[in-house]
Amino acid sequence: MDSDHGRSSADGGKDAWPQALNRSAEAQDAPEAIPPPPPAPPGTAEPYGALASTGPSVAGRGIAGLSFPYQVAAALALSLIGLLACTQVTMVFLHVAPSNTVTKQHGKTVDRWIYPEFEQNWKLFAPNPLQQNIAVHVRADVAGEGGRHTTRWMNLTHEDGEGVRGNFFPSHVDQNELRRGWDFYVNSHDGDNRPNGLRGELSERYVRRIAMLRLSEHDYGGTIERIQLRSATSSVAPPPWSAEKISTRPVHHVLPWWTVTPDDLPESARGQSRDANGNAARGGEADQ
């Protein structure tokens, strides 16, 4: 140590490592700059990996990495696969869709594509969209002071439609009560209006009560003794661009006259009828 100290003193008292001691803390923490490698002599090949060290790879990926002939072949193959997929989806949709203008004109082409490899026995739309407008009408045989008279046909379906159009929250009764009640009656009766079973009689009473409930909202100047219902069925008109010819003339299905019973009346009218019958009975007993 004395020899080192003496050597330091002999050098004029200067520190042996002046640069290391005088550097700031940030400079000491910074790594030393690495000098770039010397350029290769002319005529020599670049070492392996030189391209990766100088910048990003210029080689493409996917289809872009293929040569031009392979790119053309890959593009044609992808286009063909997409065309076949779109054709398959379109053909299956037309096959399972209800009868329309396109299937009527190209039905054989669709069948040749679907059968027998892709046969389908299910329906995409269940139930099928309605292609007919069905309106339920009712009229009544009224007995009043001026005698008996028959009212005009009243379109019950039209009244329900007026309650639904323009209404953001339409009533479930306006939408479904009459429509489902009439479907219930038609499906439980044969072509001669004869009930198929107990459900046929139940559907008949249900439809009669609906009709009497609607008729009770009007004043016909007397007592309703009989009612008659009918349906007017008309096909939906084809769009203007279609060449299909469909008759939109309504076809009527008229039911026989039904005699109104107290069970067919609404609750309010039923109570009034019972009161009237009771007063008449008490009046008859008083006369006796």
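Quick note: structure is the one above.
Model, not experiment: these values are computed from the prediction.

Engineer: How should the pattern of salt bridges be read in this particular structure?
Structural biologist: A side chain with one charge can pair with a side chain of the opposite charge if their charged atoms come near. The tally for this structure, following the rule as stated, stands at ten salt bridges. Between Arg194 and Asp192 there is a salt bridge, and its shortest N-O distance comes to 3.4 Å. On the accessibility criterion, Asp192 (55% relative accessible area) is exposed. Asp264 is paired through a salt bridge with Arg208; the nearest N and O atoms lie 2.7 Å apart. Placement of the pair is Asp264 in the loop between β6 (258-259) and α10 (267-287) and Arg208 in helix α9 (residues 198-215), with a sequence separation of 56 residues. You'll find Asp264 and Arg208 in the same group, each marked buried. Taken together, the shared-partner salt bridges in this structure form one network comprising Asp141, Arg148, Glu225 and Arg226.

Engineer: What am I meant to see in the environment of Pro250 here?
Structural biologist: Locating Pro250 in the fold gives a position in the loop between β4 (223-235) and β5 (251-254). Separated by 16 residues in sequence, Pro250 and Ser234 place their C-alpha atoms 4.3 Å apart. Those residues in contact with Pro250, other than ones at most four positions away along the chain, are Ala232, Thr233 and Ser234.

Engineer: Please explain a nonpolar patch on the surface as it appears in this structure.
Structural biologist: Together, Ile63, Leu66, Tyr70, Leu78 and Ile81 give the surface a local cluster of nonpolar side chains, amounting to about 520 Å² of exposed area. Structurally, Tyr70 is set in helix α5 (residues 68-96).

Engineer: Explain the nonpolar core here, please?
Structural biologist: Proteins that are soluble and globular tend to have nonpolar side chains buried together. If you look at the biggest cluster of nonpolar residues, it comprises 21 residues, and the most contacted ones within it are Val138, Met212, Leu215, Ile224, Ile227, Leu229 and Trp258. The set of elements that each furnish at least two residues to this core consists of β1 (132-144), α8 (172-187), α9 and β4. Among the elements that make up this core, the one with the highest residue count is α9 (five residues). Sequence-distant contacts of Trp258, defined by excluding residues within four places in its chain, comprise Tyr185, Glu204, Val207, Arg208, Glu225, Arg226, Ile227 and Leu229.

Quick notes on the rules
- Residues numbered from 1 in each chain as written.
- Predicted model: local features only at pLDDT ≥ 70, side-chain atom pairs only at ≥ 80, totals over all residues.
- Heavy atoms only, no water.
- Salt bridge = Lys/Arg side-chain N within 4 Å of Asp/Glu carboxyl O.
- Buried < 20%, exposed > 50% of the residue type's maximum accessible area, 1.4 Å probe, protein only.
- Helix = DSSP H or I, 4+ residues; strand = E, 2+ residues; numbered from the N terminus.
- Contact = heavy atoms within 4.5 Å.
- Patch = residues over 30% accessible without salt bridge, like charges linked within 9 Å, V, L, I, M, F, W, Y side chains within 5 Å.
- Areas by Shrake-Rupley, 256 points an atom, 1.4 Å probe, with all protein chains shown as cover.
- Core = buried A, V, L, I, M, F, W, Y, C linked by side-chain atoms within 4.5 Å.

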